[in-house]
Amino acid sequence: MDGKNIRVRFAPSPTGYLHVGGARTALFNYLFAKNTGGTFILRIEDTDRTRFQEDSLKEIFESLRWLGLDWAEGPEKGGNFGPYIQSERLDLYKKHAQILLDRGMAYPCFCTSERLEQVRKEKEARKEQHGGYDRHCRDMSKEEAQKLIDAGTPYVIRLKAPLEGSVSFMDGIRGEIETPVTMVDDTVLMKTDGFPTYHLASVVDDHHMEISHVMRGDEWIASTPRHVLLYQAFGWTPPVFAHLPVILSPDGGKLSKRKGAASVMDYKKAGYLPEALVNFLALLGWNPGDDREIMPLTDIIEAFSMNKISAKPSVFDEQKLEWMNGQYMENYDPTQLLSELEPMWAERGLPVNGFDEVYKKRVIALLQVRSKKVTEIAENADYFFKDPEEFAEQQAKKQFKRMVLPALEKIMERAVGIQWSREAADTLFHAVADELGMSPGKINPVVRIALTGVGGGPDLFDMLDLLGVETSMRRIKKAHDFIDKNVEG
RNA sequence: GUCCCCAUCGUCUAGCCUGGCCUAGGACAUCGCCCUUUCGAGGCGACGACUGGGGUUCGAAUCCCCAUGGGGACGCCA
């Protein structure tokens, strides 16, 4: 495809946080743009003043940027097709509503919401085929309408939809979709408050911003015919549409906040890496055509194509996300992890300020390979910053035996004054075990518990090395005394 | 209710367009075993699916129809 002309947009409305479904839509648009050498545009659809939320914009920008989906045109960026916030484009919509009015393809409607509600109820009671407006004001004379307008009667502007025939459009994922026009009622274009509806605004903007492909959630499929009708009324060529299937929660319903963390920023807080989330989201409803799963963004971009997008809704499997995150954790840059971890450690009340950056990064290096989430590093690093206060009961019961006491004593004796290192510790421990005729399997687990208070964790000698001889021996002494005091024969 | 969309292991999916290479491949999860004197990672293996019924065809997961199931839409919300 000719990249020069490919222009796609992600068009969220600022009514709350960015959830993973929206993020996936943004991602697919981004991938398509990058793959074709096109332009990824961000546009804010804030035409509903009642649902607008002040913090929402900030949150959306932050989420997108955290994911690495920066836009080439849009708010805070500018571009030749701005402004990119719909509430700043009201004149454009008004002008276009007027064009349709002048052409007799739209008309003012004075029906109150109460009457509309009434009509809806009656239709429902009669089990009529399809809901929608009964076109009450459609044939009102121009004079009569003008009189009402002059009298200050509130009104909306509706599209005069054709009464027979059918509309069809090309869906990039599903193929052609055809709808009988009887399913399309006279859509409201301009609301009483002077703001456009989504339908008018998105069509006008997509046209003026020269959007070539509209990739959006598939809840829009049913409204697309009315969009096509609008393009026809204006005499414009519609873009290619591609409706992305929804993301479902594990129990089948639509993914929502109640069913786990649905917002992008919640995933950040939960310890996920943006690269992993992006990789995971890319594979929800799309695949590269081969068996690759762990794919850096550049590879995803390169492999991306619209016709590999599935039309089937998919379930958001957090377990798989976790696995994938673990894959990214293993090789992640410790410096970056550190900046995430600092506040988390501080929150746990750990005296991290007493340790230098090199030390902290070594802690991270030891833990990142065995953690699936950033938060796991935060939770399992306590003993690198302070002595364990107690010993895990089960492990202690199993390993703390009086027979290891001499070994611990010998280790402490010999450790004095030696040049400490991982190898030195290793040598020392084996020598002691040898001399006493004991298996290291009896001694090492005890030292592990002494050092960390728990049963699992990094390699024992790596920890001995990092912790240093002084701290290590202090902890061994503590465990030694504990055993001496509490363990019988 | 009406209209639209969708349908392969529990989950994400390959295969479907252009029928035969499919005794249906991979991944997550689960369960074994190996490795590692810990945990995790890793290796090996097991379990596990073409929603059902009719066609078309020498042959169907693949094409057609119907049924069923799931999802969406039917707002002066997007």
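Since the model is a prediction, treat every value here as computed from it, not as a measurement. (Residues numbered from 1 in each chain as written. Chains lettered and ligands numbered in written order. Predicted model: local features only at pLDDT ≥ 70, side-chain atom pairs only at ≥ 80, totals over all residues. Heavy atoms only, no water.)

What to know about the overall build of chain A
Now for step 1: Assigned secondary structure in chain A consists of 20 helices and 11 strands.
Now for step 2: The globule rule puts the C-alpha radius of gyration for 489 residues at 23 Å, and the 32 Å found for chain A is more than 25% above it.
Now for step 3: In terms of overall dimensions, chain A has a C-alpha envelope of 110 × 45 × 40 Å along the principal axes.
Now for step 4: Residues counted as buried form 49% of the 489 residues belonging to chain A.
Now for step 5: Expressed as a percentage of contacts within chain A between residues at least 6 apart in sequence, the contacts between residues at least 24 apart total 76%.
Now for step 6: Accessible surface, chain A as shown: approximately 23800 Å² in total, 49% of it carbon and sulfur.
Now for step 7: Each charge sign in chain A was given a centre, from 63 positive and 74 negative side chains, and these centres are 3 Å apart. (Helix = DSSP H or I, 4+ residues; strand = E, 2+ residues; numbered from the N terminus. Rg over C-alpha atoms; globule rule 2.2 N^0.38 Å. Buried < 20%, exposed > 50% of the residue type's maximum accessible area, 1.4 Å probe, protein only. Contact = heavy atoms within 4.5 Å. Areas by Shrake-Rupley, 256 points an atom, 1.4 Å probe, with all protein chains shown as cover. Lys, Arg positive; Asp, Glu negative; His and termini not counted. Charge placed at Lys NZ, Arg CZ, Asp CG, Glu CD.)

Some points on the protein's contact with RNA strand B
Now for step 1: Among the 61 residues in the neighbourhood of RNA strand B, the closest are listed as Lys191, Thr192, Glu293, Arg370 and Pro440.
Now for step 2: Take glycine 457: an N or O atom from its main chain is 2.6 Å from a base nitrogen of RNA strand B.
Now for step 3: Between a base oxygen of RNA strand B and a main-chain N or O atom of aspartate 459, the distance comes to 3.4 Å.
Now for step 4: Going through the elements one at a time, helix 4 (113-125), strand 4 (156-159), strand 11 (314-315), helix 11 (318-330) and helix 19 (440-452) are the ones with two or more residues in the surface near RNA strand B.
Now for step 5: Residue contributions to the surface near RNA strand B peak at five residues, all from helix 11. (Near = heavy atom within 4 Å. Polar contact = N/O pair within 3.5 Å; in protein donor to acceptor, adjacent residues only side chain to side chain.)

Here's the deal with the sheet that holds strand 3 (residues 106-109)
Now for step 1: An order of 3-4-7 is seen for the three strands of this open sheet, with the pairing classed as antiparallel. The sheet is open, and its two edges are formed by strand 3 and strand 7 (188-190), each paired on a single side. Pairs of neighbouring strands in the sheet enclose a mean axial angle of 40°, with direction left out of account.
Now for step 2: Judged from the four bridges that link them, strand 3 and strand 4 form a sheet pairing that is antiparallel. (Pairing = 2+ DSSP bridges. Axes fitted to C-alpha atoms, helices over the stretch in contact; angles between N-to-C directions.)

Here we look at the domain arrangement of chain A
Now for step 1: Per the domain assignment, the segments of chain A are domain 1 (3-87 + 247-321), domain 2 (89-244), domain 3 (333-386) and domain 4 (389-489).
Now for step 2: One C-alpha centre belongs to domain 1, the other to domain 4, and the line joining them spans 50 Å. (Domains from an automatic or database assignment.)

Some words on the pattern of salt bridges
Now for step 1: In total, this model carries 35 salt bridges according to the counting rule given.
Now for step 2: The shortest N-O distance in the salt bridge between aspartate 266 and lysine 269 comes to 3.5 Å. With aspartate 266 and lysine 269 both in helix 8 (residues 264-269) and three residues apart, the pair spans about one turn of that helix.
Now for step 3: Across the pair arginine 422 and aspartate 462 runs a salt bridge whose closest N-O atoms are separated by 2.8 Å. With arginine 422 in helix 18 (residues 422-436) and aspartate 462 in helix 20 (residues 460-486), this residue pair connects regions lying 40 residues apart in the sequence.
Now for step 4: Exposure remark for aspartate 462: the relative accessible area of 26% places this residue in the partly exposed category.
Now for step 5: Taken together, the shared-partner salt bridges in this structure form one network comprising Arg9, Arg43, Glu45, Arg89, Asp205 and Asp206. (Salt bridge = Lys/Arg side-chain N within 4 Å of Asp/Glu carboxyl O.)

Here we look at empty space enclosed by the protein
Now for step 1: All chains considered together, the criterion is met by one cavity of 30 Å³ or more.
Now for step 2: Of the voids in this model, the largest cavity is the one considered here, and its volume is about 30 Å³.
Now for step 3: Lining the largest cavity we find Asp387, Pro388, Phe391, Ala450, Arg474, Arg475 and Lys478.
Now for step 4: Ranked by the residues each element gives to the lining of the largest cavity, the list is headed by helix 20, at three residues.
Now for step 5: For the lining of the largest cavity, the per-class residue count stands at three nonpolar, no polar and four charged. (1 Å grid on protein atoms, 1.4 Å probe; cavity = no way out; pocket = protein on both sides within 12 Å on 5 of 7 lines; lining within 4 Å. Points joined across faces, edges and corners; volume = space filled by probe spheres on them. Nonpolar A, V, L, I, M, F, W, Y, C, P; charged D, E, K, R; others polar.)

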